[in-house]
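What the coordinates show
Each chain, letter by letter, is given below.
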Amino acid sequence: MIRTCLALALFLAACGDETAGGSHDPSSPGSHEAGLAAFEAVRGVLQHPRCQNCHPAGDVPLQGNDSHPHKQLVQRGPTGHGMAGAECTACHGPANPPDSYGAAVPPGVVSGWHMPPPELPMVFVGLAPGALCEQIKDPARNGGKDMAALRAHIHDDPLVLWGWDPGFGREPVATPHAEFIAAWETWARAGAPCPGG
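These numbers were taken from a predicted model, which means no experiment stands behind them.

What the rule picks out here adds up to one disulfide. Covalently, C133 is tied to C194 through a disulfide, its sulfur atoms 2.0 Å apart. As the torsion about the S-S bond is roughly -80 degrees, the C133-C194 disulfide counts as left-handed. Pair noted here: C133 is in helix α4 (residues 129-137) and C194 is in the segment after α7 (177-189), with a separation of 61 residues, a long-range link. Unpaired in terms of disulfides, C54 finds its nearest cysteine sulfur in C88, a separation of 7.5 Å.

Further remarks concern the environment of C51. Among the structural elements, C51 can be located in helix α3 (residues 49-52). The spatial distance from the C-alpha of C51 to the C-alpha of W162 is 9.3 Å, given a sequence separation of 111 residues. Residues in contact with C51, not counting those within four places in the same chain, are V45, L46, F124 and V173.

Conventions we followed
Residues numbered from 1 in each chain as written. Predicted model: local features only at pLDDT ≥ 70, side-chain atom pairs only at ≥ 80, totals over all residues. Heavy atoms only, no water. Disulfide = S-S within 2.5 Å. Helix = DSSP H or I, 4+ residues; strand = E, 2+ residues; numbered from the N terminus. Contact = heavy atoms within 4.5 Å.

Dropping the structure here:
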């Protein structure tokens, strides 16, 4: 029993003393620093090729681990789903093809392959950490999402989750999804501080 109580006390201390009756002060220096460190983990995921390839600075999606411009002259299109007659789903099906098809076959996802719409491109490529952070939090630039909606998006959206299961020959996001979610939550609890801010 004593060991169990001691283990519980150590666990609660490691969790920042966030017991049911405790309080969490997001303005404290420790949590601000923890929030900034957590955002660096979040940034590393968002700027991984699996994520940033659909969040380029222009209207041409990127491909591969080297984030080269998409072949076949693919364009974002008026809704983010490609141009008429060359929609993303013309090549990208509802699931990754079997590994036996090889690495050159387009991957797929059940929710339909797409980029953000042109009026809200959510650029990840080439942004400094502070600018990326501010963009993510700004509902005018992120599709009207508050922090709770963003959290749901990164946890549940099939296209987001695809980054961790990109199919044969593609490098998945290096940070495990559970660690990404934990970093997001740490950042959010700290008040979502931005580097340089």
